[in-house]
Amino acid sequence: MSALVQSPQAAPAPLTRAEDWRNGGFGLYIHWPFCASKCPYCDFNSHVSAEIETDAWRNAYISELRRVAALTPGRVLNSVFFGGGTPSLMDPELVAAILEEVRACWPQGNDIEITLEANPTSVEAGRFRGFRDAGVNRVSMGIQALNDSDLRALGRLHSVEEARHAFDIARNTFERISFDLIYARQDQTLAAWQAELREAISMAADHLSLYQLTIEQGTAFGDRYARGRLKGLPDDDRAADMYFATQELTDAAGLPGYETSNHAAPGEESRHNMIYWSYGDYAGIGPGAHGRLTLDGQRYGTEAIRAPAAWLNAVTEKDSGDVVKTTLSGEDQAWEYLMMGLRVTRGIDLTRFSTLSNHDLTPKINELTSYGLVEKQSGILRVTKAGQPVLNGILRELLP
Amino acid sequence: MIKLSNIRNFSIVAHIDHGKSTLADRLIQLTGTVAERDMQAQILDSMDIERERGITIKANSVRIEYPAKDGETYILNLIDTPGHVDFAYEVSRSMRAVEGSLLVVDATQGVEAQTLANVYYAIEADHEIVPVLNKIDLPASEPERICEQIEDVIGIDASEAVHISAKTGLGVPDVLEAIVTRLPAPTGDPDAPLKAMLVDSWYDSYLGVVVMVRIMDGTVRRGDRIKMMQTGATYGIDKLAVLKPQMTDIDVLGPGEIGVITASIKQVRDTRVGDTITTEKRGATVPLPGFKPAQPVVFCGLFPVDAAEFEDLRAAIDKLALNDASFSFEMETSAALGFGFRCGFLGLLHLEVIRDRLEREYDIDLITTAPSVIYHIHMRSGEMIELHNPADMPDLTYVDHLEEPRIKATILVPDEYLGDVLKLCQDRRGIQMDLTYAGARAMVVYDLPLNEVVFDFYDRLKSVTKGYASFDYQMMGYREDALVKMQVLVNEEPVDALSTMVHRDRAEARGRMMCEKLKELIPRHMFKIPIQAAIGGRVIARETLSAMRKDVTAKCYGGDMTRKKKLLEKQKKGKKKMRQFGKVEIPQSAFISALKMDD
Ligand SMILES: Nc1nc2c(ncn2[C@@H]2O[C@H](COP(=O)(O)OP(=O)(O)OP(=O)(O)O)[C@@H](O)[C@H]2O)c(=O)[nH]1
Ligand SMILES: C[S@@+](CC[C@H](N)C(=O)[O-])C[C@H]1O[C@@H](n2cnc3c(N)ncnc32)[C@H](O)[C@@H]1O
Ligand code: SF4
Ligand SMILES: [Mg+2]
């Protein structure tokens, strides 16, 4: 697997546009839209609901799996990802039923990665064994912070102690394990973050997702920020310092950043996310899930109805939860590939880009190279260390 | 035709916000000119921009009928005028069309700078003046004290001032009676050759050019053929009307009356405010004394952000100019900005109003270059050149000396803020001419360079005096001074649109301030950008805008790339709204903001 993320090697015979997805492989994303409570920073499609009819949801997921499988017969599945919301609140039997159906729908490689996002409270920890028995072989835990007052400020329902306990159980249960932290929090100093990150590294996960806090519109933090009531956030300069410090510490610990916010021991990269970043095909199932599917040589973008009840209803009544299906032109695909691919340290294959696009990036690449933000080598374009924290600026320059 | 003795014409004048338009509302309402259900506050302020900013920009006239206590019904023509100093021209010419003025004074504020300025216009026009003390509904009002102040400061009798609240209507009937009993009726001979004063003209999208006139002598009827005495052009009258305030057709207008005419006039420019209109046949031979034309004092370049919109801009400016004769323009080209227009305005508010209207009514994004006044450049050859744009400054070796326009500024300010005001004027290279007291308020008169006042003097004055000072000015002529052209270089490239003329002694401070401001105003780029101010080839100030350090999307949403793509595309569009100078994008707002001083 490490070949996917390591040395920049252009494929010897470039795949045609119709086969382009094979460069990234094929994965399945399953969205579970419910949480125990809504975190103030979060703008994922997550909802708090008193009652969830497991039977109806099981039937809906299964019906959607069959619908999509009929479009993509015979594809070898490389990964499954249960994302949320909080999938660790799913009944393990529901996860088992879904995975059973998945196995019936597609052939799968024997190294298939099956990840489930988990919140680190005791409620979830109790289900870990059930998830493993259902076939889950990797968990990604939302620990978010290693100090209690920040966990409270982030509106989390767990303490550090609880999180560590859940983490220990997970480590004894699953082959592979990752956890998420959010940094650049209110009033967080560089030194405090460095100390916290060292502690996180010492927990010996094989993968870490380290996200800088993003203030999103339409969230509680977003509203507070707009009213000037969210103080103590780092400015761009301090945020950049924190970003570089993060790279340094993880590099030294043998968990180098392989993507903007993701760090892993070699070979432990998230294969599922690598499908997005190397622009493969993926089916998206569940409320608000997105997909990219190449059908009869044409790539489409799909998007499901966001509201959980409406999605459930549509699947039950109309046999499909998708609302949008867009035809993606070669140019569309090229820019999506560029946008996602440059997040990864190994960069993008310019031959592949020009299979999809007629656009000549050379002048902009030369300009950006002169600022030391990107580098080009044997047909591979990658963002330098200095360029990583300003990737959006680079993309704006490259976009036509 | 209406008997002269039953006509009264008057203007309502006051300092900004003292309640002129509100009083006009009450007069219109009390006389039933507008049906109750159609009434709205400041009904005469009909332009969007007037309603939004809550100020009057254009003088407006309305005809009302008033059955007085003496049993007679009178025709009253009122003209509501703007209070802001930029539009003083509207006031002075309105005065010429009427015989009297209601001088409105806010009884909580008292006499302010424009109160004085406007009284002088009224006195100059030989008006009978009725003082009106407004806002007596407010607990803070002090009508007695303000009456004394009027007598002390202005020197007119205020013993019979009418005390009112334009807001509640209290006392307004007394205003109507005072108009009839205290203001003179107009004079004029209905049988003499026609002499109609062209008071105003504007463009109406349905009717074309509309001309407002005050008949001095003679009569005019629909269908008459008329002649503009200045241009000699003749027209047949299509429509004759009075404003109530909607146009209401009328068959004939006689002496003392105010009304509007439409004819097949193509452009507002074909009508000269102050011109005399007479009949084509058996017309008058001697015109009425004309008005001094309005002089633009502030100039700036207007360029479309998107160069492709130049033709749209041209069309929009042409249309706007139809409505506003005091705004001048001519085509301009700039190395960095391409094609645009150099426009002249009566002041900065006027500039903002025109720019707003262009952007809003015609949907064109504009770059406004640094505003400038007109400098006189005396060349070694003895020739004198008017410099409207610092970018056109000739080679200094050919220049003997420069002169700049100066103004006489009158500022009224409560004692406690006097020190701040004197400091502000001093900082702006002012020379004190006079300082007197009226009660607890000082009246200071300063000789100031116009270019120090144009950008932000008024804002600064308001802020250092917490809004308690008022300000008025008049042009005084030109004087020599040590002026230099300061250039701004962004990423080593001169940006013409940011060139300004400054006094040599102040150049360094100004340069430093502009560089600092620009550093704030220009967004960070992918590379670091030096920002410099220079005189000739010499750099006098420098700042460095560091390169962008952090802009990346931290997390991805389970394969949702559409959203991120949309965001980047939107940001990219935003970038395109900025103008490119070399490799640097400068937002349009930077050009004026960079000049505002925080002292
Ligand atoms: N309390 C009170 N407020 C008043 C009175 N008359 C006017 N105002 C308020 O004063 C403000 C200014 O009134 P305007 O009538 O627009 O003043 P103006 O003199 O026409 O202002 P410009 O045209 O901008 O010079 C408005 O908010 C009015 O509501 C009054 O008698 N009492
Ligand atoms: C789908 S979310 C949540 C997974 C799980 N429900 C949880 O909360 O632990 C995946 C991760 O995105 C990160 N995240 C969510 N909102 C964020 C924000 N506004 N800024 C930065 N990171 C965020 C969190 O680290 C979170 O664990
Ligand atoms: S961060 Fe996780 S737990 Fe919190 S609302 Fe979002 S998805 Fe739910
Ligand atoms: Mg008004």
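Residues numbered from 1 in each chain as written. Chains lettered and ligands numbered in written order. Predicted model: local features only at pLDDT ≥ 70, side-chain atom pairs only at ≥ 80, totals over all residues.

(A) Quick peek at the environment of Leu424(B). Along the chain, the position of Leu424(B) falls in helix α9 (residues 418-427). Sequence-wise, Leu424(B) and Arg460(B) are 36 residues apart; in three dimensions their C-alpha atoms are separated by 8.1 Å. (Helix = DSSP H or I, 4+ residues; strand = E, 2+ residues; numbered from the N terminus.)

(B) The arrangement of the interface of chain B and chain A in detail. Chain B puts 24 residues into the contact, and the matching count from chain A is 39 residues. Of the residues in the side of chain B that touches chain A, the class split is nine nonpolar, five polar and 10 charged. (Contact = placed C-beta atoms within 7 Å. Nonpolar A, V, L, I, M, F, W, Y, C, P; charged D, E, K, R; others polar.)

(C) Region of interest: the sheet that holds strand β1 (residues 7-14) of chain B. All names here are of chain B. Strands sit in the order β2-β3-β1-β4-β5-β6 across an open sheet of six strands; the sheet is mixed. Each end of this open sheet is capped by a strand with a single partner; those strands are β2 (60-67) and β6 (162-163). The pairing of strand β4 (residues 100-106) with strand β5 (residues 128-134) spans seven bridges and is classified as parallel. Considered in β5, the bridge of Val104 is made with Val132. In the packing of helix α5 (residues 143-154) onto the sheet, contacts are made with β4, β5 and β6, and the angle to β5 comes to roughly 150 degrees. (Pairing = 2+ DSSP bridges. Axes fitted to C-alpha atoms, helices over the stretch in contact; angles between N-to-C directions.)

(D) The arrangement of the pairing of strand β17 (residues 328-334) of chain B in detail. All names here are of chain B. Here seven bridges tie β17 to strand β18 (residues 338-345), and the two strands are oriented antiparallel to one another. Each bridged residue has a counterpart across the sheet, and for Glu330 the counterpart in β18 is Arg342. Two successive antiparallel strands, β17 and β18, enclose a turn made up of three residues.

(E) Highlighting helix α12 (residues 308-318) of chain A. Residue and element names in this part refer to chain A. For α12, the set of buried residues is Pro308, Trp311, Leu312 and Val315. Viewed along the axis of α12, the buried residues span an arc of 100 degrees, placing them on a single side of the element. With respect to the buried face of α12, the exposed residues turned more than 90 degrees away are Ala309, Glu317 and Lys318. The inward-facing, buried residues of α12 contact α2 (54-71) and β11 (298-304). Asp319 occupies a position one or two residues after α12 and carries a positive phi of about 70 degrees. (Buried ≥ 20, exposed ≤ 12 C-beta atoms within 10 Å, placed from the backbone. Arc of directions from axis to C-beta.)

(F) Seen up close, the site of ligand 2. Within the structure, ligand 2 sits among 18 residues, and Tyr41(A), Gly142(A), Asp180(A), Tyr211(A) and Thr214(A) are positioned closest to it. One finds residues of chains A and B in close proximity to ligand 2. Of all the elements in the fold, those that place two or more residues in the shell around ligand 2 are β2 (77-84), β4 (138-144) and β5 (176-183) of chain A. (Near = placed C-beta within 6 Å.)

(G) Inspection of the nonpolar core at higher detail. The biggest cluster of nonpolar side chains holds 165 residues, and the ones touching the most others in it are Leu103(B), Val132(B) and Val213(B). By residue number, the principal contributor to this core is strand β8 (residues 208-217) of chain B, which donates seven residues. With sequence-adjacent residues up to four places away left out, Val132(B) is seen in contact with Leu102(B), Leu103(B), Val104(B), Ala161(B), Val162(B), Ile164(B) and Val175(B). Within the second largest apolar cluster, 103 residues are counted, among which are Val102(A), Phe131(A), Met242(A) and Leu398(A). (Core = buried A, V, L, I, M, F, W, Y, C linked by C-beta atoms within 7 Å.)

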